[in-house]
Amino acid sequence: DILIMLVCHSGSMNSDVYRNQVASLTRKFLEGKYQAVIAPYWALHIHIPEIWLSEFMIEIDKNEFIIDAVHKANLKVREIYPVAGAWACMHLYGNPYFRKE
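Residues numbered from 1 in each chain as written. Predicted model: local features only at pLDDT ≥ 70, side-chain atom pairs only at ≥ 80, totals over all residues. Heavy atoms only, no water.

### Comments concerning the packing of helix α2 (residues 48–61) against helix α3 (residues 66–80)
At a closest axis distance of 8 Å, the pairing of α2 and α3 adopts a crossing angle of 140°. Between α2 and α3, the interaxial angle falls into the category oblique. Like other packed secondary-structure pairs, α2 and α3 cross with a definite hand, here right-handed. Listed contacts from α3 to Ile48, Ile51, Trp52, Glu55, Phe56, Glu59 and Ile60 of α2 are Ile66, Ala69, Val70, Lys72, Ala73, Asn74, Lys76, Val77 and Ile80. Looking at the contact of α2 with α3 residue by residue, the class counts come to eleven nonpolar, one polar and four charged. (Axes fitted to C-alpha atoms, helices over the stretch in contact; angles between N-to-C directions. Helix = DSSP H or I, 4+ residues; strand = E, 2+ residues; numbered from the N terminus. Parallel < 35°, antiparallel > 145°, perpendicular 65-115°, else oblique. Left-handed = near helix turned anticlockwise from the far one by under 90°. Contact = heavy atoms within 4.5 Å. Nonpolar A, V, L, I, M, F, W, Y, C, P; charged D, E, K, R; others polar.)

So this is what it looks like as structure tokens:
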């Protein structure tokens, strides 16, 4: 139901003037079977995924909403790397109220 992409810039978007919509890789997955997609909006440093994903999984296992799990994982990264380019990279797209069942 959710997809976590750890590919640099996979959450970035471009305007598609001819279709009057936003074009992005995440959009394609949200139009498919996924309720939510989490992806980095810009370049993702190699040390971030281990910190971020560990905290995210802890929060998801507590049955937190996905939006809260993403936020807490971002804050965990901020404890170690207090630069916005590091801790604010991972973005949530789709259903913010998804929970593990």
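### Some points on the packing of aromatic side chains
Considering all chains together, one arrives at four aromatic pairs under this definition. For the pair Tyr41 and Trp42, a centre-to-centre distance of 6.3 Å together with 85° between the ring planes defines the contact as edge-to-face. With a relative accessible area of 31%, Tyr41 lands in the partly exposed category. Among the residues examined, Trp42 registers a relative accessible area of 29% and is labelled partly exposed. Ring centres of Trp52 and Phe56 lie 4.9 Å apart, and the angle between their planes is 10°; this geometry places the pair in the stacked category. Of this pair, Trp52 and Phe56 both sit in helix α2, four residues apart, roughly one helical turn. Here Trp52 and Phe56 have matching classes, each one buried. The aromatic ring of Trp87 is capped on one face by Arg78, whose charged end is 5.2 Å from the ring centroid. (Phe/Tyr/Trp six-rings, centres within 6.5 Å; stacked < 30°, edge-to-face > 60°. Buried < 20%, exposed > 50% of the residue type's maximum accessible area, 1.4 Å probe, protein only. Lys NZ or Arg CZ within 6 Å of the ring centre and 35° of its normal.)

### Quick notes on α2
With 14 residues, α2 should cover 20 Å at 1.5 Å per step; its first-to-last C-alpha distance of 20 Å lies within 8% of that length. Considered for burial, the residues of α2 that qualify are Ile48, Pro49, Ile51, Trp52, Glu55, Phe56, Glu59 and Ile60. Buried residues of α2, seen end-on, are gathered within an arc of 165° and therefore sit on one face of the element. Those residues of α2 that are buried lie in contact with β1 (2–4), β4 (36–40), α3, α4 (84–87) and β5 (90–94). (Expected span 1.5 Å × (residues − 1). Arc of directions from axis to C-beta.)

### Some words on the pattern of salt bridges
For the coordinates displayed, the defined rule picks out six salt bridges. Arg27 is the salt-bridge partner of Glu31, the closest N and O atoms lying 3.0 Å from each other. A salt bridge links Glu79 to Lys76, with the nearest nitrogen and oxygen atoms 3.6 Å apart. Of this pair, Glu79 and Lys76 both sit in helix α3, three residues apart, which is roughly one turn of that helix. For Lys76, a relative accessible area of 31% gives the class partly exposed. Residues participating in the shared-partner salt-bridge network are Glu59, Lys62, Glu64 and Lys72. (Salt bridge = Lys/Arg side-chain N within 4 Å of Asp/Glu carboxyl O.)

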